[in-house]
Amino acid sequence: MTSTGLSAISSQAAANRLLLRRKRAERRFQLYGILAISAAVGFLIVFLASIVSRGYMGFVQTEVQLTVNFDAELIEAGSYRKILRTSLVELFPEAGSSRAERRALAGMVSAGTVFVLRETVEADPAIVGTVQDVWVLASDPVDQFYKGRIDAALPEGERPISDASLARIAGLEEAGRIALRFNRNFFSRGDSRNPEEAGILGAIVGSALALVVTLVVSFPIGVMTAVYLEAFAPRNRITRLIEININNLAAVPSIVFGLLGLAVFLNLFGLPRSAPVSGGLVLSLMTLPTIIISSRAAIRAVPPSFAEAAMGLGASRVQAIFHHVLPAAAPGTLTGAIIGMAQALGETAPLLMMGMVAFVVEVPGGFTDPSTVLPAQVYLWADSPERGFAEKTAAAIIVLLGFLLVMNGLAVYLRRKFEKQW
Amino acid sequence: MVITSVSSNPQPTLVARELSVFYGEKQAVFDVDLDIMPREVTAFIGPSGCGKSTLLRCFNRMNDLIEICRTTGSMLLDGHDIAGPDVDVVQLRSRIGMVFQKPNPFPKSVYDNVAYGPRLHGLAPSRSDLDELVETSLRRAGIWDEVKDRVDQPGTSLSGGQQQRLCIARAIAVRPDVLLMDEPCSALDPIATATIEELIDELRSEYTIIIVTHNMQQAARVSQKTAFLNLGRLIEFDETTKIFTNPSEQSTQDYITGRFG
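Residues numbered from 1 in each chain as written. Chains lettered and ligands numbered in written order. Predicted model: local features only at pLDDT ≥ 70, side-chain atom pairs only at ≥ 80, totals over all residues. Heavy atoms only, no water.

*Asks:* Please explain the overall build of chain B as it appears in this structure.
*Replies:* Along its length, chain B carries 10 helices and 10 strands. Against the compact-globule benchmark of 18 Å for 261 residues, chain B has a radius of gyration of 18 Å, which places it among compact chains. Each principal axis of the C-alpha atoms in chain B carries an extent, and together these give about 55 × 40 × 40 Å. For chain B, buried positions account for 54% of its 261 residues. Considering only contacts within chain B whose residues lie at least 6 apart along the sequence, 67% involve residues at least 24 apart. Total accessible area on chain B is roughly 11,400 Å²; 47% of this is exposed by carbon and sulfur atoms. Computing the positive centroid from 26 side-chain charges and the negative centroid from 35, chain B places the two 3 Å apart. (Helix = DSSP H or I, 4+ residues; strand = E, 2+ residues; numbered from the N terminus. Rg over C-alpha atoms; globule rule 2.2 N^0.38 Å. Buried < 20%, exposed > 50% of the residue type's maximum accessible area, 1.4 Å probe, protein only. Contact = heavy atoms within 4.5 Å. Areas by Shrake-Rupley, 256 points an atom, 1.4 Å probe, with all protein chains shown as cover. Lys, Arg positive; Asp, Glu negative; His and termini not counted. Charge placed at Lys NZ, Arg CZ, Asp CG, Glu CD.)

*Asks:* Explanation requested: the domain arrangement of chain A in the structure shown.
*Replies:* One widely used convention gives an interface's size as the accessible area the parts lose upon coming together. In terms of domains, chain A is made up of domain 1 (2-56), domain 2 (59-188) and domain 3 (201-420). The distance between the C-alpha centroids of domain 1 of chain A and domain 2 of chain A comes to 62 Å. (Domains from an automatic or database assignment.)

*Asks:* Can you walk me through unusual backbone geometry in this structure?
*Replies:* One can expect most non-glycine residues to show negative phi and most peptide bonds to be in trans. Positioned with a positive phi, B:D78 is a non-glycine residue whose angle comes to about 50°. On the secondary structure map, B:D78 appears in the loop between β4 (69-77) and β5 (80-81).

*Asks:* How do you make sense of the interface of chain B and chain A when you look at a structure like this?
*Replies:* In this assembly, 23 residues from chain B lie in contact with 18 residues from chain A. Between chain B and chain A lies a buried interface of about 1,800 Å² when both sides are counted; carbon and sulfur atoms form 62% of it. Inspection of the region where chain B meets chain A yields 1 salt bridge. In this structure, B:R57 engages A:E308 in a salt bridge whose closest nitrogen and oxygen atoms are separated by 3.0 Å. (Buried area = accessible area lost by both parts, 1.4 Å probe. Salt bridge = Lys/Arg side-chain N within 4 Å of Asp/Glu carboxyl O.)

*Asks:* Honestly, the packing of helix α12 (residues 276-301) of chain A against helix α14 (residues 317-345) of chain A in this entry has me stumped. Any pointers?
*Replies:* If you want to describe how two helices pack, look at the angle between their axes and the distance between the axes. Residues and elements named next belong to chain A. α14 packs onto α12 with a crossing angle of 150° between their chain directions and a minimal axis gap of 8 Å. The pairing of α12 with α14 is recorded here as roughly antiparallel in orientation. As α12 runs across α14, the sense of the crossing is right-handed. Only V325, L326, A329, G332, T333, G336, A337, G340, M341, Q343 and A344 of α14 make contact with α12, whose side of the interface consists of L283, T287, T290, I291, S294, S295, A298 and I299. (Axes fitted to C-alpha atoms, helices over the stretch in contact; angles between N-to-C directions. Parallel < 35°, antiparallel > 145°, perpendicular 65-115°, else oblique. Left-handed = near helix turned anticlockwise from the far one by under 90°.)

*Asks:* Could you clarify how one ought to interpret the confidence of the model for chain B in this entry?
*Replies:* Close inspection of predicted coordinates is inappropriate in any region flagged by low pLDDT. Residue and element names in this part refer to chain B. Summary statistics for chain B give a mean pLDDT of 90 and a share of 96% for residues scoring 70 or more. Scored below 50 in pLDDT, residues 1-7 makes 6 contacts in the model with residues more than four places away or belonging to other chains. Reported confidences for the modelled complex are a pTM of 0.81 and an ipTM of 0.86. (pLDDT = per-residue confidence, 0-100.)

*Asks:* Teacher, can you tell me more about the state of the cysteines here?
*Replies:* One covalent bond between the sulfur atoms of two cysteine residues makes up a disulfide. All names here are of chain B. Tallying each qualifying case throughout the model produces 0 disulfides over all chains. C58 supplies the cysteine sulfur nearest to C50, a cysteine that is in no disulfide, at a spacing of 13 Å. C58 forms no disulfide, and the closest cysteine sulfur to it belongs to C69, at a distance of 6.8 Å. (Disulfide = S-S within 2.5 Å.)

*Asks:* Where do I start with the nonpolar core in this structure?
*Replies:* Here is a general trend for soluble globular proteins: nonpolar side chains tend to be buried in one another's company. B:L14, B:L34, B:F44, B:L55 and B:F59 are the most contacted members of the largest nonpolar core, which totals 57 residues. The element that contributes the greatest number of residues to this core is α14(A), accounting for 7 residues. Those residues in contact with B:F59 that lie beyond four places of it in its chain are B:L14, B:A16, B:L34, B:F44, B:M75, B:I82, B:L92, B:I96, B:L180 and B:I210. One finds B:L138, B:A141, B:I168 and B:A171 within the second-largest nonpolar core, a separate group that totals 44 residues. (Core = buried A, V, L, I, M, F, W, Y, C linked by side-chain atoms within 4.5 Å.)

*Asks:* Which parts of the structure should I look at to understand a positive patch on the surface?
*Replies:* Side chains of A:R17, A:R21, A:K23, A:R24, A:R27 and A:R28 sit close together on the surface and give a patch of like positive charge. Following the sequence through the fold, A:R21 ends up in helix α1 (residues 2-55). (Patch = residues over 30% accessible without salt bridge, like charges linked within 9 Å, V, L, I, M, F, W, Y side chains within 5 Å.)

*Asks:* Looking at this structure, how should I read the packing of aromatic side chains?
*Replies:* In this description, an aromatic ring pair is defined by two values, namely the gap between the centres and the angle between the planes. In this structure the tally under the stated criterion is 9 aromatic pairs over all chains. Where A:F59 meets A:F187, the ring centres are 5.8 Å apart and the plane angle is 5°; that geometry is what we call stacked. Separated by 128 residues along the polypeptide, A:F59 in the loop between α1 and β1 (60-69) and A:F187 in helix α8 (residues 184-188) bring together distant segments of the chain. Looking at A:F59, the relative accessible area reads 18%, which means it is buried. What makes A:F187 partly exposed here is its relative accessible area of 33%. Geometrically, the ring pair formed by A:F186 and A:F187 is edge-to-face, given 5.2 Å between the ring centres and 85° between the ring planes. Owing to a relative accessible area of 0%, A:F186 belongs among the buried residues under this scheme. A network of ring pairs unites the aromatic residues A:F59, A:F182, A:F186, A:F187, A:W381 and A:F389 as a single cluster. Positioned above the aromatic ring of B:F22 is the side chain of B:R70, whose terminal nitrogen or guanidinium carbon lies 4.4 Å from the ring centre. Here the basic side chain of B:R170 rests over the ring of B:F106, its NZ or CZ set 4.5 Å away from the ring centre. (Phe/Tyr/Trp six-rings, centres within 6.5 Å; stacked < 30°, edge-to-face > 60°. Lys NZ or Arg CZ within 6 Å of the ring centre and 35° of its normal.)

As structure tokens, then:
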């Protein structure tokens, strides 16, 4: 009697210990999960903070106000350089007339100012013969100093800006002739050798054109392939082989697609180099497996009862698929397509082979114009030695992330919209 | 096994002769001979896996969709062959409607669910014709009063029993002669089941109905004829009252008294 009672108590205690251990294990596991998520969020915050703190300055640019005499004779002669020099001398009268001094003066403003003046005149010929206050871009060292990126306490030889220039900037500041203004050029121009003039519009348009080609080529082909494989293809050795190959293609390094594109699209078909049409085709090769795999999963997830019901009412298999299965699979299909597009937007390696990682000044006007893409632009700027390109790089990354965010938002929106119909 | 051949009786709607179905090497239905009379409910009963659903799906050729499935023998609908390879299954399925085991409305509105078949076959040329057809179909399925204010709502938002009646409305909207019902109440609660059974009894006046069920009380309640299948063979086919009170075969007796199955 006592012995059975004791054993009951001890087994009860053992059960309690076991329960306690299981509860502890559960809490420990939750803790691991929270740690993992915190680490991920932490890295994300550090990344975003570093990008934004570097990049926000890329959206503003130091500008200097010049008083320009648009002299009719000089304009007739096309010596905009002389016009600029005159206004600079007027702005800094204390400067000497030696060659070195003049060069230092010219170095205060962007090297492209001469062309900006000409464009101003061409845009509005009425200003010829008048004197105007014009805001022009400051040169990269002035810009960087004004943004606080250069330490004035350093000895003169160790910073890219001279004491004389610092004095001139102080003078400008006093006169209210230097200011940080919104960097319109960044969104309205292509690339440039001068960081203060470099813009991202060329890369944005290039990316957009390439993505249009990618979408137009890969979406219909991908979805149709998925439909065929899921709903029509006989289950035999050949279709199994095709399925395995598609799954493997998704894991092929993207540079290999670039080589394929180089060999086939450029060399065999003679498509233009560096153009969005060829880049887009290569990207669509890369995107196809993603779209096919996600579309197949989406189609497979549609209950077979939909197709059965439709065919029970006398619909053909094709009608059943297009009326019921594809619409029900649309959210998954679209999500897959947009994820594929987002991947393509961030891809540089295959485009390297197509000559799209290139210095392109002109904003592309069509599918066959030379152009570059956003991630390639980031890479090119990150590779440039001028200080101004560092913040441009970060700003370009912000733009790229912005586009990715918009695309993912679009995916969520479309999914919601199509699911509402049910 | 009784085959009615009295001359005063109407012609059978569906006739099956030596009907066999194979899944690959495996035979699921063995040489079934069956006459389905018009405006009657015929119930298929039998233990799980006896081939009653497979037999049912022969009549509207749904088995064709299964790649490895092969059917031999002959089937006639009103004297016309429906088993041959040249038969237009689209046409056939508009004359033999089907209601499935699980309610499977399309993820569309109640209206579009019912309108799908008529649109497919071009049965309603104008919008008002279609509206009328949808309404009569929903009325006949006994669900109009419940859904008339929400025909724009998704069909999937209805309750299980309502969904099944919606599926019946969808099936009769294409004006079939025959309705095949594959365990239409097995996913429903007893009250919804009673509603569907009443509906089946009403629909009998206009349609020839074949119902597969593993609920013997249901077969006894709704059907006039009952076919008992076992291991792919048609064991006995007769008046329901006779099957349930005085079956000729011992295995029928064993099954309906619950000794196996």
